[in-house]
Amino acid sequence: MKDFLKNTYIKFLKKIKSFLKKERPKLPLKKRILKYTIYFFVFLFLYFTCVDLNILWLFGRSPKMHELKNPKLNVASELYSADGKLIGKFFNENRTPVKYEQISPVLIKTLIATEDNRFYEHSGIDFKAMFSVFWSIMKGDARGGSTITQQLVKNLFKTRANYSRGLFGYIPFIKTIIYKTKEWITAVKIEANFNKEEILTMYFNTVDFGSNAYGIKTAAKTFFNTTPDKLNAEQSALLVGILKAPTFYSPIMNPENALKRRNIVLGQMLKHEIINQKEHDKYAALPILLDYKVENNYDGNASYFREAVYNSLKEWLKENNYDLYADGLKIYSTIDSKLQQYAEESVAEHMKKLQKKFNKHWEGENPWIDGRGNEIKGFIENVARETATYKYLMSKYDKNKDSVNYYMNKPRRMRVFTWNGERDTTLSPMDSIRYYKRFLHAGFFTIDPFTSYIKTWVGDINFKYFKYDHVKQSKRQPGSTFKAFVYAAALENGFGPCDKMIDKPVTVNYVEKGQKKTWTPHNADGIFLNGEVTLKYAFARSINCVAVQVMQEIGWKKVIEYAHKMGIKTPLADVPSVCLGSCDVSLYELVNGFCPCINDGYNIEPVLVTKITDKNGKVIYEYKEKKKRVLTQETAFLMQEMLRGGLHEPGGTTQALFEYDLFKDWRNDFGGKTGTSTNYSDGWFVGVTKNLISGSWVGGEHRCIHFRNPENGEGCHTALPIYGIFMEKVFNDKKYDYVKGQFPKPKIKISKSYTCHTRYEKRDSLDAAKDTIRSSEE
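Residues numbered from 1 in each chain as written. Predicted model: local features only at pLDDT ≥ 70, side-chain atom pairs only at ≥ 80, totals over all residues. Heavy atoms only, no water.

Asks: Talk me through the overall build of the protein; I want residue IDs and the actual numbers.
Replies: Check the secondary structure of the protein and you find 27 helices and 20 strands. Over its C-alpha trace the protein gives a radius of gyration of 37 Å, far above what one expects of a compact globule, namely 28 Å for 778 residues. C-alpha atoms of the protein, sized along the principal axes, occupy 130 × 90 × 70 Å. Within the protein, the proportion of its 778 residues that are buried is 52%. Sequence-distant contacts, at least 24 apart, represent 72% of the contacts inside the protein between residues at least 6 apart. Total accessible area computed for the protein in this model is approximately 38500 Å², and 53% of it derives from carbon and sulfur atoms. (Helix = DSSP H or I, 4+ residues; strand = E, 2+ residues; numbered from the N terminus. Rg over C-alpha atoms; globule rule 2.2 N^0.38 Å. Buried < 20%, exposed > 50% of the residue type's maximum accessible area, 1.4 Å probe, protein only. Contact = heavy atoms within 4.5 Å. Areas by Shrake-Rupley, 256 points an atom, 1.4 Å probe, with all protein chains shown as cover.)

This is the structure we're talking about:
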């Protein structure tokens, strides 16, 4: 059998050899030319097919037809305010597409004259320029002769990226031929699927101009603070010139190169009669004129709100497979741009003054103190050990503390925040920590109680330098503001505003984790009336011992239950001191917890975003209201009366609002509640009108950093002024006249008395110890 196969194989080889040696008649020249021409085109067809299909993974991936018809662009997502203002972007590549009609005709002509003057004559490949292409290939330069369409292919599909390289893509000369082949093939496909205007539009939307400017809309804004339709001839020449090499011809990094390149482009514009000689000479004589500003993710107002929107959308984006930084979403938020402006101005205006007062209060001393008022030794050193700089140095120098301490105390140039603007200075990392720890911080938050639409969100005093958000991220002791939940629970369970209790010392015995404990709170000023007061008066004056007695009547578990019902999401400790605000909560949930008092008793989750559309305008998300009744209408109305009592009852803690220009019209109703935590570490205020609720918090970054006396540190002095300034601005803007006016009359019959009003009573002092939780104040 083996011999048979061997003989058969030998005979086959002999026949092949004989066939090859056989003489054939010589074809005429024309037929030979035709023959080899056919061979050549067959070869080209097979070669282009192999490259396009990536046969045996030799040539690398080429764009598929569905990718050509629906090209993927990294497009910035845009965040809009409720009044239609663009308030921020989310992007990796800052690109916002434009339509053909939005591009200056001069810019289009300039591009064609400079990059591809036969653009309207070819179908993706300029055969007249092929000789320059082959010459470039021989030199190993793949840039020569590319048409606008081929450049679009490189920008749009990254045909020279590693993922599309293939096995032959690692051979220096061969890879250049393959790259050009893929660009030719794809360019022809693009020309077959899009008209010339569409190709030009895609080109201008894809190109990188440097300076984090992707696409012509961003480039026009970045370099000239204008729009693409308003670009003039000189500006068009500069931008088209940049495209040849965005870094080398950058007007920021290499202005001389950019100037020369611009003038070359102006020469092309003159040659193709886009401009005349006089215009050319005028523009060529000009220096480069820019209105330059690089846009980043944090530019604009409402920076903390934008971060909150991103955090709130993370899960939704993941579930629905969207990339906020690349998919060109349009996000329509609840924020009011003008109210947000007023909120940011109010925080800045008050905090600048308060910081000056704080600095004077602590002049010559360090403000980080313990409960006895003594400076905490080693505080800065302990804080420094938690910084990224310290940890990096410990890693770099193998935990050698001498080296680490040397560099932590070595001065260097840096830019720092001040209330008079940024300032360049020289500080060591340790000095920098000492400097920044002295700043007071703030949060301010406004919500529409009937829709729960968030109207303002100010997370701190400056987002660039202090990114920690004191609206939702930070949680601190709310002090007496928490009493709103105590009295709401009491009103729901049989009490009324005019019910009376004795203002007297009180002791609570309870068990915590199996241990018997005793708690004896006192009023913030250590003074007791030792007589009856109404609950309305006690709430208005923020009398601790009456709040504790109310809590004893209904049980602190009931207080916790209603706090959670009304909007507090943070777990609360099962201890009696919860009634005086001893448990940390965020400003976000505290303000939301006041909404049922104003909106007839409903809890509605705060809303940041009402609608999201994709880059084609299709609605992919729309908010649907979900609300739950948590208070009866009667209790909600009575809580409005309790909150109004802060202004109208004698000694009410909200009466500091009378210092602001809010009462030109006596019919304007306000209510509110102040709060101050232990040692004046936190100052709070929540203010309400008939259809707007705002809350403010002020304090140090650490609880040990604070004022030392009630005259400076109570909530009515630290937090309330932000609200007062804000509402002054709102009331002075006629656009917001709807905020003014009285609380509405009750829609139902009120069974409990609420019109009682307390006369001024002189209070006597008792020699009593300070309470453990100085949760209230005035």
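Asks: If you had to explain the sheet that holds strand β7 (residues 454-458) to someone new, which residues and values would you point to?
Replies: Judged by pairing direction, the sheet is antiparallel, and its 5 strands sit side by side in the order β7-β6-β19-β18-β17 without closing on themselves. This sheet does not close on itself; its edge strands, each paired only once, are β7 and β17 (671-676). Between one strand axis and the next, the sheet turns by 10° as a mean value, whatever way the strands run. Note that strand β6 (residues 440-447) and strand β19 (residues 693-700) share 8 bridges and pair antiparallel. (Pairing = 2+ DSSP bridges. Axes fitted to C-alpha atoms, helices over the stretch in contact; angles between N-to-C directions.)

Asks: I'd like to hear about the sheet that holds strand β3 (residues 330-333), residue by residue, with values.
Replies: In space, the 5 strands of this open sheet follow the order β2-β1-β3-β14-β15, with mixed pairing throughout. Looking at the sheet topology across the chains shown, the edges are occupied by β2 (86-90) and β15 (619-622). Taken pair by pair, the neighbouring strands of this sheet meet at an average axis angle of 15°, ignoring direction. With 4 bridges joining them, β3 and strand β14 (residues 609-613) adopt antiparallel strand pairing. Residue pairing across strands places Ile331 opposite Ile612, the latter belonging to β14.

Asks: Any details on the pattern of salt bridges? Residues and values, ideally.
Replies: Summed over all chains, the structure comprises 28 salt bridges. As a salt-bridge pair, Arg415 and Asp424 come within 2.9 Å of each other at their nearest N and O atoms. For Arg415, a relative accessible area of 46% gives the class partly exposed. With a relative accessible area of 45%, Asp424 lands in the partly exposed category. Note that Asp665 is salt-bridged to Arg667, the shortest N-O span being 3.0 Å. Via salt bridges that share partners, Glu345, Glu349 and Lys729 belong to a single interconnected network. (Salt bridge = Lys/Arg side-chain N within 4 Å of Asp/Glu carboxyl O.)

Asks: Lay out a nonpolar patch on the surface with the relevant residues and their values.
Replies: Together, Leu34, Tyr36, Ile38, Tyr39, Val42, Phe45 and Leu46 line one region of the surface with nonpolar side chains, adding up to about 750 Å² of accessible area. Tracing the sequence through the fold places Tyr39 in helix α2 (residues 29-53). (Patch = residues over 30% accessible without salt bridge, like charges linked within 9 Å, V, L, I, M, F, W, Y side chains within 5 Å.)

Asks: I'd like a description of the pairing of β3, backed by residues and values.
Replies: Where burial is concerned, the two faces of β3 differ: the one with Ile331 and Ser333 is buried and the one with Lys330 and Tyr332 is not. Strand direction decides the pairing type here: strand β1 (residues 77-80) and β3, joined by 3 bridges, are parallel. By the bridge assignment for β3, Glu78 is matched with Lys330.

Asks: Quick one: what's the story with helix α23 (residues 587-598), residue by residue and with numbers?
Replies: For α23, built from 12 residues, the straight-helix expectation of 16 Å at 1.5 Å per residue is met to within 8% by its first-to-last C-alpha distance of 17 Å. Of all 12 residues in α23, 12 are buried; the element is thus mostly enclosed. Of all the residues in α23, the buried ones are Leu587, Tyr588, Glu589, Leu590, Val591, Asn592, Gly593, Phe594, Cys595, Pro596, Cys597 and Ile598. One or two residues past the end of α23 sits Asp600, with phi positive at roughly 75°. (Expected span 1.5 Å × (residues − 1).)

Asks: Summarise the environment of Gln340; cite the residues concerned and give the values.
Replies: Here Gln340 lies in helix α14 (residues 337-361). A relative accessible area of 2% places Gln340 in the buried class. C-alpha of Gln340 to C-alpha of Ala302: the two residues are 38 residues apart in sequence and 6.8 Å apart in space. Leaving out residues up to four positions away in the same chain, Gln340 has contacts with Ala302, Ile335, Lys455, Thr456, Trp457 and Val458.

Asks: How would you summarise the packing of aromatic side chains if you had to cite specific residues and measurements?
Replies: If you walk through the whole model with that rule in mind, you get 41 aromatic pairs. Plain terms: the ring middles of Phe90 and Tyr325 are 6.0 Å apart, the flat faces sit at 90° to each other, and that makes the pair edge-to-face. With Phe90 in strand β2 and Tyr325 in the loop between α13 (303-320) and β3, this pair connects stretches of sequence that are 235 residues apart. The exposure class assigned to Tyr325 is partly exposed, which follows from its relative accessible area of 21%. One cation-aromatic arrangement involves Lys611 over Tyr332; the distance from NZ or CZ to the ring centre is 5.1 Å. For the cation-ring pair, Lys673 lies above Phe539, with the distance from its terminal atom to the ring centre recorded as 5.7 Å. (Phe/Tyr/Trp six-rings, centres within 6.5 Å; stacked < 30°, edge-to-face > 60°. Lys NZ or Arg CZ within 6 Å of the ring centre and 35° of its normal.)

Asks: Describe the state of the cysteines, and please don't skip the residues or the numbers.
Replies: Scanning the model with the defined rule gives 1 disulfide in all. Between the sulfur atoms of Cys498 and its disulfide mate Cys756 the distance is 2.1 Å. Taking the sign of the S-S torsion, about -100° here, the bridge from Cys498 to Cys756 comes out left-handed. With a gap of 258 residues between them, Cys498 in the loop between α19 (483-492) and β8 (500-502) and Cys756 in the loop between α27 (720-731) and β20 (764-765) connect regions that are remote in the sequence. (Disulfide = S-S within 2.5 Å.)

Asks: Pulling in residues and values, what's your account of the packing of α19 against helix α24 (residues 633-648)?
Replies: Where α19 contacts α24, the axes come no closer than 10 Å and their chain directions differ by 135°. Relative to α24, the element α19 lies oblique. By crossing handedness, the relation of α19 to α24 is classed as right-handed. For the pair α19 and α24, contact is made by Ala484, Tyr487, Ala488, Leu491 and Glu492 and by Thr635, Leu638, Met639 and Met642, respectively. The residue inventory of the contact of α19 with α24, partitioned by class, reads 7 nonpolar, 1 polar and 1 charged. (Parallel < 35°, antiparallel > 145°, perpendicular 65-115°, else oblique. Left-handed = near helix turned anticlockwise from the far one by under 90°. Nonpolar A, V, L, I, M, F, W, Y, C, P; charged D, E, K, R; others polar.)

Asks: Now, about the pairing of strand β9 (residues 508-512): what can you tell me, with residues and values included?
Replies: Summarising the sheet, β9 and strand β10 (residues 515-519) pair through 5 bridges and their orientation is antiparallel. Directly across from Glu512, in β10, lies its bridge partner Gln515.

Asks: Kindly report on the nonpolar core, identifying the contributing residues and their values.
Replies: Side chains of a nonpolar character, in soluble globular proteins, are inclined to be buried together. Judged by nonpolar contacts, the single largest core of 147 residues is most densely connected at Phe305, Met351, Trp457 and Tyr487. Once you skip the residues sitting within four places of it in the chain, Trp457 turns out to touch Tyr304, Phe305, Ala308, Ile335, Gln340, Phe444, Phe445, Asp469, Val471, Lys472, Tyr588 and Leu608. Ile108, Ala187, Phe194 and Leu238 belong to the second-largest nonpolar core, a separate cluster that totals 45 residues. (Core = buried A, V, L, I, M, F, W, Y, C linked by side-chain atoms within 4.5 Å.)

Asks: Describe unusual backbone geometry, naming the residues involved and giving the relevant values.
Replies: With phi around 60°, Lys399 is a residue other than glycine that occupies positive phi space. Its location among the elements puts Lys399 in the loop between α16 (388-396) and α17 (401-408). For Lys399, a relative accessible area of 66% translates into the label exposed. Phi at Ser542 takes a positive value of approximately 60°, unusual for a residue other than glycine. Position of Ser542 relative to the elements: it lies in the loop between α20 (535-541) and α21 (544-554).

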